[in-house]
Amino acid sequence: MTTGYLVTAIARTYIGATKKSAKHKALINAFNTVKPHGYKASTSDPWCAEAWSAWQILAGNTAKEVPLSASCTQLILDAKLLKEWQEDESVKPQIGWGVLYDWQDSGKGNNTGSPDHIGIIYEVDAKYFYVIEGNKG
């Protein structure tokens, strides 16, 4: 199993987690084993980036391999440092990749705004990609 598949398998076990639920608390606890950028997460935080980071941590990934943060903006900055960032609408996404959203983006061309949310891609077909997210729905 590749790391991307392992992380998405872990993320799948957290589907249905709601704020302050046992699954949410488990994600926060996993995040706080590392405290990326010195930040201690709590159950009152927005938690999409914390969920992404916790799934990575639970899979055994470190900040030297993937971006870890409670902040979507910091995830992009760290991905750039790791030379993993791509803002290119023509690239076919892969299972295990993070996808960051800017709710204010026009959807035309590459985005130049600030990210608001992150999810992890668990399936890709010819037309769509499918995402698991923390802090959503």
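Keep in mind the model is a prediction, meaning the values are calculated, not measured.

## Some points on the nonpolar core
Argument step 1. Core analysis: the largest hydrophobic core is formed by 20 residues, its most contacted members being Leu27, Trp55, Ile118 and Ile120.
Argument step 2. At the level of elements, helix H1 (3-12), helix H2 (22-32), helix H3 (48-58), helix H4 (72-81) and strand S2 (117-124) are the ones that each hand at least two residues to this core.
Argument step 3. With six residues, the top contributor of residues to this core is H3.
Argument step 4. Residues within four places of isoleucine 118 in sequence aside, it is in contact with Cys48, Ala49, Trp52, Cys72, Leu75, Gly98, Val99, Leu100, Tyr101 and Glu133.

## Digging into the sheet that holds strand S3 (residues 129-133)
Argument step 1. In spatial order, the strands read S1-S2-S3; together these three strands make up an open sheet with antiparallel pairing. Each end of this open sheet is capped by a strand with a single partner; those strands are strand S1 (98-101) and S3. Along the sheet, successive strands turn relative to each other by an average axial angle of 45 degrees, direction set aside.
Argument step 2. Judged from the five bridges that link them, S2 and S3 form a sheet pairing that is antiparallel. When the bridges of S3 are listed, isoleucine 120 appears paired with isoleucine 132.
Argument step 3. This element, H1, spans S2 and S3 of the sheet and lies at about 110 degrees to S2.
Argument step 4. Along the sheet, H3 makes contact with S1, S2 and S3, crossing S2 at roughly 50 degrees.

What counts, and where the lines are drawn
Residues numbered from 1 in each chain as written. Predicted model: local features only at pLDDT ≥ 70, side-chain atom pairs only at ≥ 80, totals over all residues. Heavy atoms only, no water. Core = buried A, V, L, I, M, F, W, Y, C linked by side-chain atoms within 4.5 Å. Buried < 20%, exposed > 50% of the residue type's maximum accessible area, 1.4 Å probe, protein only. Helix = DSSP H or I, 4+ residues; strand = E, 2+ residues; numbered from the N terminus. Contact = heavy atoms within 4.5 Å. Pairing = 2+ DSSP bridges. Axes fitted to C-alpha atoms, helices over the stretch in contact; angles between N-to-C directions.

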